[in-house]
Amino acid sequence: QKEGENARIVDLQFELETNSFIISQRSKQKNDLIQYFIVKVKLSTEFYANNVMVELDGRTYPAYRKSDIFRQKEFTADVLIDFSNILRVEENFELKARLVDVTGKVMHDKRVSVNVGRGGKAEEVEADLIKSNPIINDNCNVDFLFVEIKEIWQDASDERIESIVYELNRSYILKGIAVKLYEIFELNTCLRRCHFFSQSYIESGSGLEGAFSGESLNYTTEALKSGVPYKAFLKEPYKTEAEKIGRKESINKITKKKIITQYANQKAIANIAYADKNRGENYKLGNIYEGDGWNFRGRGLLQITGRSNYNEIQKTIDKILPNSGVNLNLGVDIFTAKEAVFSGLGNWVFKKLSKEADKGSKSENVDAITKLINNKTDSYDFRRRTFERIKKIFNL
């Protein structure tokens with residue numbers, strides 16, 4: 001018997017809850033009140049590995065999941081919906097509940113047509129009176145699964161994957177209701193997720209090392225003195241300094257294998273390479289204090305680099321989600337999973353990458369996003385191939 005085979009939606013109710021009617025600050029243009037409605041989805045299922053979603057007016061809302069709720073044979077899942085932006089009284093809407101399995105495949109759905117009266121009462125109406133609106137999120141406005149993120153970063157430890165998934169799926173209070181982080185930061189469609197994670201995979205590395213510990217600066221003395229990728233080491237005093245801080249290797253005469261005779265001083269390399277005084281006019285990073293190069297090196301899911309970039313991303317985070325608990329401006333030595341996720345999502349919104357992602361899944365669409373993230377990179381082809389791989393994970 002296949003998982004979810006007998007799962008079905010028994011009933012779908014759309015109703016106003018007295019304690020969910022909240023008066024907000026009045027709009028300057030309208031005297032509308034923000035209203036929150038509860039959609040009750042009654043289900044009958046023998047399986048717990050399912051997700052419940054409700055669609056209304058082109059937006060999707062996940063059901064609140066309580067402990068072991070999907071193990072019950074019959075239960076009601078509540079979905080809290082904010083109508084502050086879409087509610088128009090005395091208009092007809094299609095309300096649809098979907099039950100999907102762990103792969104995102106729709107197992108069962110139920111639709112009703114509703115009309116919201118001025119008193120907040122919702123009633124069913126004839127099907128031919130439904131207000132038609134496009135669905136914008138194709139099954140991806142749902143919680144991330146461990147197996148999805150693990151398939152992206154196959155070399156990462158389970159602990160790291162679990163921490164990333166946990167942070168992505170966390171809820172934060174906005175306007176009095178709990179909203180998922182991935183929805184707040186515009187990571188709520190399959191197309192957006194494919195673009196975000198294909199870029200994140202390249203930027204943070206196959207094991208997520210770059211997201212937590214930061215970019216690798218494990219350069220040999222020869223590489224540093226060649227001026228690639230940092231021109232500062234082409235001239236003195238840093239050309240001589242490269243001999244002291246770069247990695248050195250030799251060949252073991254017996255085993256014929258390379259051995260490291262001097263480990264790279266990555267902190268020293270970063271502080272020289274990323275200091276504004278050692279960079280061209282068009283390549284300044286805002287690193288004007290001693291130690292800024294290391295403290296604000298590339299980190300996070302999308303590898304933000306430099307004090308100025310850290311500051312701009314923090315401003316974006318604070319604007320979207322005040323009191324997030326994240327302060328990237330501290331320049332901590334190692335990122336937590338929360339900082340890695342927030343820095344990536346903050347950069348995603350700051351550079352308006354979701355709008356670019358919405359344009360499509362062709363190679364030129366991937367290249368356009370790559371250009372905004374890392375214009376000078378030589379990994380354009382690798383990012384296109386990674387995007388094709390990740391498309392399969394999110395069924396795009």
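So, here is what we can say about the structure in this document. Predicted model only: the values in this text are computed from it and were never measured.

**So, the environment of Leu 181**
Right, so step 1: Residue position: Leu 181 is located in helix 3 (residues 181-184).
Right, so step 2: A residue is classified by how much of its surface remains accessible, and Leu 181, at 0% relative accessible area, is buried.
Right, so step 3: When the C-alpha positions of Leu 181 and Leu 345 are compared, they lie 9.1 Å apart, and in sequence the two are 164 residues distant.
Right, so step 4: Sequence-distant contacts of Leu 181, defined by excluding residues within four places in its chain, comprise Glu 167, Leu 168, Arg 170, Tyr 172, Leu 321, Val 341, Phe 342 and Leu 345.

**What to know about the pattern of salt bridges**
Right, so step 1: Inspection of every chain in the model, using the stated rule, returns 17 salt bridges.
Right, so step 2: Measuring nitrogen to oxygen at the nearest pair gives 3.3 Å for the salt bridge that ties Lys 391 to Glu 388. With Lys 391 and Glu 388 both in helix 14 (residues 380-393) and three residues apart, this pair spans about one turn of that helix.
Right, so step 3: One network of salt bridges, with partners in common, ties together Asp 367, Asp 381, Arg 384 and Arg 385.

**Details of the packing of helix 13 (residues 363-374) against helix 14**
Right, so step 1: At a minimum axis separation of 10 Å, helix 13 and helix 14 run at an interaxial angle of 125°. Relative to helix 14, helix 13 is oriented oblique. Here the hand of the crossing between helix 13 and helix 14 comes out right-handed. Packed against helix 13, whose contacting residues are Ser 363, Val 366, Asp 367, Thr 370, Lys 371, Ile 373 and Asn 374, the element helix 14 presents Tyr 380, Arg 383, Arg 384 and Phe 387 at the interface.

**Comments concerning the packing of helix 4 (residues 190-204) against helix 14**
Right, so step 1: One way to put it is that helix 4 packs onto helix 14 with a least axis distance of 9 Å and a crossing angle of 130°. Overall, the two elements helix 4 and helix 14 adopt an arrangement that is oblique. As helix 4 runs across helix 14, the sense of the crossing is right-handed. Contact residues: Leu 191, Cys 194, His 195, Phe 197, Ser 198, Gln 199, Tyr 201, Ile 202 and Glu 203 in helix 4; Phe 382, Arg 383, Thr 386, Phe 387, Arg 389, Ile 390 and Lys 391 in helix 14.
Right, so step 2: Of the residues that constitute the contact of helix 4 with helix 14, the class distribution is eight nonpolar, four polar and four charged.

**Here we look at the state of the cysteines**
Right, so step 1: Inspection of the entire model under this criterion finds one disulfide.
Right, so step 2: Disulfide pairing places Cys 140 opposite Cys 190 at an S-S distance of 2.0 Å. Taking the sign of the S-S torsion, about 90° here, the bridge from Cys 140 to Cys 190 comes out right-handed. On the criterion of sequence distance, the pair formed by Cys 140 in the loop between strand 8 (122-124) and helix 1 (146-152) and Cys 190 in helix 4 is long-range, its members being 50 residues apart.

**Observations regarding the packing of aromatic side chains**
Aromatic ring pairs are described here by two measures, namely the spacing of the ring centres and the angle between the planes.
Right, so step 1: Across all of its chains, the model carries 15 aromatic pairs by this definition.
Right, so step 2: With a centroid separation of 5.9 Å and an interplanar angle of 90°, the aromatic rings of Tyr 172 and Phe 342 are classed as edge-to-face. One end of the pair, Tyr 172, is in strand 9 (residues 171-174); the other, Phe 342, is in helix 11 (residues 337-350), and 170 residues separate them in sequence. For the pair Tyr 172 and Phe 342, one class covers both residues: buried.
Right, so step 3: For the pair Tyr 230 and Tyr 274, a centre-to-centre distance of 5.5 Å together with 85° between the ring planes defines the contact as edge-to-face. Here the residue Tyr 230 occupies a position in the loop between helix 6 (221-225) and helix 7 (238-245), and Tyr 274 occupies one in the loop between helix 8 (266-273) and helix 9 (292-295), the gap between them amounting to 44 residues.
Right, so step 4: Residue classification places Tyr 230 among the buried residues on the basis of a relative accessible area of 8%.
Right, so step 5: Put simply, the rings of Phe 144, Trp 153, Tyr 182, Phe 196, Phe 197, Trp 348 and Phe 394 pair up and form one aromatic cluster.

**Side note on helix 13**
Right, so step 1: Between its first and last C-alpha, helix 13 extends 16 Å over twelve residues, near the 16 Å set by a 1.5 Å rise per residue.
Right, so step 2: Every buried residue of helix 13 is accounted for by Asn 365, Val 366, Ile 369, Thr 370 and Ile 373. In an axial view of helix 13, the angular spread of the buried residues amounts to 135°, which keeps them on one side of the axis. Structural note: helix 13 exposes Glu 364 and Lys 371 on the side pointing more than 90 degrees away from its buried face.
Right, so step 3: The inward-facing, buried residues of helix 13 contact helix 4, helix 12 (353-357) and helix 14.

**Comments concerning helix 4**
Right, so step 1: Between its terminal C-alpha atoms helix 4 stretches 20 Å, which fits the 21 Å expected from 15 residues at 1.5 Å a residue.
Right, so step 2: Two residues or fewer past helix 4, Gly 205 is found with a positive phi of approximately 90°.

Basis of the calculations
The residue numbers shown here count from 1 along each chain, following its written sequence. Only residues with pLDDT of 70 or above have their local features reported here, since the model is predicted, and side-chain atom pairs are shown and tallied only from 80 upward, although totals for entire chains, interfaces and linings are computed over all residues. The side-chain numbers reported here are obtained from all heavy atoms of the structure, hydrogens and water having been left aside. Strands here mean DSSP runs of E at least two residues long; helices mean DSSP runs of H or I at least four residues long; both are numbered from the N terminus. Relative accessibility decides the category of a residue: with a 1.4 Å probe and only protein chains considered, values under 20% of the type maximum give buried, values over 50% give exposed, and everything between is partly exposed. We call two residues contacting when some pair of their heavy atoms lies within 4.5 Å. Any carboxyl oxygen of Asp or Glu that lies within 4 Å of a side-chain nitrogen of Lys or Arg is treated as forming a salt bridge with it. The axes used here are C-alpha line fits, helices contributing only the stretch in contact, and every angle between their N-to-C directions lies in the interval 0 to 180 degrees. Roughly parallel covers angles under 35 degrees, roughly antiparallel covers those over 145, roughly perpendicular covers 65 to 115, and oblique covers all other angles. If you view the pair so one helix is near and one far, a crossing is left-handed when the near helix is turned anticlockwise from the far one by less than a right angle, and right-handed when it is turned clockwise. Each residue receives one of three labels: charged for Asp, Glu, Lys and Arg, nonpolar for Ala, Val, Leu, Ile, Met, Phe, Trp, Tyr, Cys and Pro, and polar for the others, Gly being one of them. In this description, the term disulfide denotes a pair of cysteine sulfurs within 2.5 Å. What counts as a ring pair is set by centres within 6.5 Å for rings of Phe, Tyr and Trp (its six-membered ring), and what kind of pair is set by the plane angle: stacked under 30 degrees, edge-to-face over 60, tilted for all other angles. A helix is expected to span 1.5 Å for every residue after the first. Here the arc refers to the directions that run from the helix axis out to each C-beta atom.

Any link to function would need more than the numbers given here.
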